[in-house]
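# A closer look at the structure
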Amino acid sequence: MKAMPLQQRRLSDDIVERVETLILEGSLRPGERLPAERALAEQFGVSRPSVREALQKLIARGLLLSRHGGGTFVSDALGSSFRDPMIELLEHSPEAQRDLIEFRHTLEGSCAYYAALRATEPDLERLAAAFERVEACYLRKGRVSRADEGAADAHFHLAIAEASHNAVLLHTIRSLFELLERNVVTNIGGMLPAGSEVRDALLDQHRALYHAIMERRAEDARQLVYSHLDYVRDVLTEAQNEARRIERSQRRRATA
């Protein structure tokens, strides 16, 4: 049998593979600008024509996009599974908000579990910074906007997803990030009227989750996510029930 000659692998294919890995692991994010060709050539130890060829292949695959005079960027489409019209639709549906909490229950529980098992020292440093931001927001009690609290909360959960070192979990969280952030803001608005004890409970829950991950207690971390989201669901349900009771009372008063 005559063996088929082996085809030599092109340098550009190696560069494509490296960039794809960076995107997949989350080191390159949707919308992020890549370094200039010269810098990439130095970083990869190859010629600029090889870099240029690799970038063209990645652009053709839809992973990168080139802006005239502005450089090369990771495609924004990689992080936009839910676009603005769908976000608006989901945000104004109480049933969809409930569905999202149920979805977060499964997704974020797994993220916390794997983060506790796999987080590296840089991951833990980013998680610590994210938790400090959450803690600062909650301790300022009324002196910070719901939007700021929601952003801090969502970035904390994103840091956990990054620490999970699971590409599918990470990119699912990233693709839903705007929806997640707005869901948190909506939840905060629905829960805080219930009293300061709710704020204290939420901070305690985040603190317990943070320490479980830092201490590598994977199953505890997963269960703490479940407990936290169950608490959010229950408080929101009671707040909605109370609002309905008030509406009924007001209607009775109007017809009396």
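Right, let's walk through the structure included here. (Residues numbered from 1 in each chain as written. Predicted model: local features only at pLDDT ≥ 70, side-chain atom pairs only at ≥ 80, totals over all residues. Heavy atoms only, no water.)

## Section: the packing of helix 7 (residues 146–163) against helix 8 (residues 167–175)
With their axes 8 Å apart at the nearest point, helix 7 and helix 8 run at an angle of 155° to one another. In this view, helix 7 runs roughly antiparallel relative to helix 8, as classed from their interaxial angle. Where helix 7 crosses over helix 8, the two elements pack in a sense that is left-handed. Counting all contacts with helix 7, which are made through Leu158, Ala161 and Glu162, the residues of helix 8 involved are Leu170, Ile173 and Arg174. For the contact of helix 7 with helix 8, the residue count by class is four nonpolar, no polar and two charged. (Axes fitted to C-alpha atoms, helices over the stretch in contact; angles between N-to-C directions. Helix = DSSP H or I, 4+ residues; strand = E, 2+ residues; numbered from the N terminus. Parallel < 35°, antiparallel > 145°, perpendicular 65-115°, else oblique. Left-handed = near helix turned anticlockwise from the far one by under 90°. Contact = heavy atoms within 4.5 Å. Nonpolar A, V, L, I, M, F, W, Y, C, P; charged D, E, K, R; others polar.)

## A short note on the pairing of strand 1 (residues 64–67)
Strand direction decides the pairing type here: strand 1 and strand 2 (residues 71–74), joined by four bridges, are antiparallel. By the bridge assignment, serine 66 is partnered in strand 2 with threonine 72. (Pairing = 2+ DSSP bridges.)

## Regarding helix 2 (residues 37–44)
Residue pairs spaced three or four apart in an α-helix point in one direction, given the helix's 3.6 residues per turn. Those residues of helix 2 that sit buried are Leu40, Ala41 and Phe44. Around the axis of helix 2, the buried residues are gathered within 100° of arc, so they sit on the same side. Exposed residues pointing more than 90 degrees away from the buried face of helix 2 are listed as Arg38 and Glu42. Against helix 1 (11–24) and helix 3 (48–60) lie the buried residues of helix 2. (Buried < 20%, exposed > 50% of the residue type's maximum accessible area, 1.4 Å probe, protein only. Arc of directions from axis to C-beta.)

## Considering helix 1
For helix 1, spanning 14 residues, the distance from its first C-alpha to its last is 20 Å, which sits close to the expected 20 Å at 1.5 Å a residue. Along helix 1, the residues classified as buried are Ser12, Ile15, Val16, Val19 and Ile23. Each buried residue of helix 1 lies within a common arc of 105° when the element is viewed along its axis, so the set occupies one face. In this structure, the buried side of helix 1 is in contact with helix 2, helix 3, strand 1, strand 2 and helix 8. Looking one or two residues past helix 1, glycine 26 carries a phi angle of roughly 90°, positive in sign. (Expected span 1.5 Å × (residues − 1).)

## Points about the nonpolar core
Judged by nonpolar contacts, the single largest core of 43 residues is most densely connected at Ala112, Leu127, Phe156, Ile160, Leu209, Ile213 and Ala221. Counting residues per element, the ones that place at least two in this core are helix 5 (94–118), helix 6 (121–139), helix 7, helix 8, helix 9 (177–191), helix 10 (196–214) and helix 11 (218–255). Beyond its immediate stretch of four places on either side in the chain, phenylalanine 156 contacts Leu127, Ala130, Phe131, Val134, His206, Leu209 and Tyr210. One finds Val16, Val19, Leu40 and Ala54 within the second-largest nonpolar core, a separate group that totals 17 residues. (Core = buried A, V, L, I, M, F, W, Y, C linked by side-chain atoms within 4.5 Å.)

## Quick look at the pattern of salt bridges
On inspection of all chains with the given rule, the structure shows 18 salt bridges. One salt bridge in this structure joins arginine 10 and glutamate 53, with 2.8 Å as the shortest N-O distance. In this pair, arginine 10 sits in the segment before helix 1 while glutamate 53 sits in helix 3, placing the two residues 43 residues apart along the sequence. Given a relative accessible area of 47%, arginine 10 falls into the partly exposed group. With a closest N to O distance of 3.6 Å, lysine 57 and glutamate 53 form a salt bridge. With a gap of four residues between them, lysine 57 and glutamate 53 both fall in helix 3, about one helical turn apart. Owing to a relative accessible area of 26%, glutamate 53 belongs among the partly exposed residues under this scheme. Linked through salt bridges whose partners overlap, the residues forming this network are Arg10, Asp13, Glu53 and Lys57. (Salt bridge = Lys/Arg side-chain N within 4 Å of Asp/Glu carboxyl O.)

## Quick look at the packing of aromatic side chains
In total, this model carries three aromatic pairs according to the counting rule given. On the numbers, 4.5 Å between centres and 5° between planes, the contact of phenylalanine 131 with tyrosine 210 is stacked. In this pair, phenylalanine 131 is assigned in helix 6 and tyrosine 210 in helix 10, connecting sequence segments 79 residues apart. Per residue, the accessibility class of phenylalanine 131 equals that of tyrosine 210, and both read buried. Here arginine 67 stacks its cationic end above the ring of phenylalanine 73, 4.1 Å away from the centre of that ring. (Phe/Tyr/Trp six-rings, centres within 6.5 Å; stacked < 30°, edge-to-face > 60°. Lys NZ or Arg CZ within 6 Å of the ring centre and 35° of its normal.)

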